[in-house]
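# Examination of the molecular architecture
Spelled out from the first residue to the last, the chains are:
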Amino acid sequence: MQTIDYKDFDKIELRVGTITKVERFIKAIKPAFKLWIDLGDELGLRKSSAQITTLYSDEDLIGRQVICVCNLAPRQIADFMSEILVTGFSDIDGNIVLTSIERTVPNGSRLH
């Protein structure tokens, strides 16, 4: 494993946001959702595509706080511009389990 300095880690904008809208991403090659995530006053509403349809339903996601990488370059996926990366871990079957927080915090809060 390669190590990095703290100053390198500090460049990554890991912030919490609340999922406010979910749509099935029909045009994605692999099953996915389109997500709209409220990242607070500073960053506002951002979009992301997430391949999490195996473990989550639309209803499971609305109102859920997730941890996002907010300063990656936007990525075009089919006809949708993904502006942030929603983080998660692979379970034993390779399904993505969303990274979550223990308690509700203000949208846009940065991970320390």
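Residue numbers restart at each chain and count upward from 1, following the sequence in its written direction. Selection of residues for local features in this predicted model requires a pLDDT of at least 70, selection of side-chain atom pairs for listing and counting requires 80 or more, and totals for whole chains, interfaces and linings are taken over all residues. Note that water and hydrogens are dropped before the side-chain values are worked out from all heavy atoms of the structure.

On to the UniProt feature "domain: TRNA-binding" (unreviewed entry) in the protein. As recorded in UniProt, the feature "domain: TRNA-binding" (unreviewed entry) lies at residues 8–112. Note on conventions: DSSP H or I runs of at least 4 residues are helices, E runs of at least 2 residues are strands, and numbering of each starts at the N terminus. Taken end to end, residues 8–112 has its terminal C-alpha atoms 13 Å apart, with 10% of it in helix and 40% in strand. UniProt positions are given in the numbering used here, feature names are shortened, and annotations may be inferred rather than shown by experiment.

Turning our eyes to something else, we now look at the state of the cysteines. The disulfide criterion used throughout: a pair of cysteine sulfur atoms within 2.5 Å. Under the counting rule described, the total for this entry stands at 0 disulfides. Here Cys70 is not cross-linked by a disulfide; its sulfur's nearest cysteine counterpart is in Cys68, at 5.3 Å.

A separate point is the pattern of salt bridges. By definition, a salt bridge exists where a carboxyl oxygen of Asp or Glu is found within 4 Å of a side-chain nitrogen of Lys or Arg. In total, this model carries 9 salt bridges according to the counting rule given. With a closest N to O distance of 3.6 Å, Lys11 and Asp8 form a salt bridge. Residue burial is assigned from relative accessible area. The probe radius is 1.4 Å, only protein chains are included, and a residue is buried under 20% of its type maximum, exposed over 50%, and partly exposed in between. Using a relative accessible area of 57% as the deciding quantity, one classes Lys11 as exposed. Using a relative accessible area of 27% as the deciding quantity, one classes Asp8 as partly exposed. Put simply, Lys27 and Asp79 hold a salt bridge, and the shortest N to O gap is 3.2 Å. Placement of the pair is Lys27 in the loop between β1 (14–24) and β2 (33–38) and Asp79 in the loop between β5 (75–77) and β6 (80–82), with a sequence separation of 52 residues. For Asp79, a relative accessible area of 44% gives the class partly exposed. Through salt bridges that share partners, Asp10, Glu13, Arg15, Glu42 and Arg110 make up one connected network.

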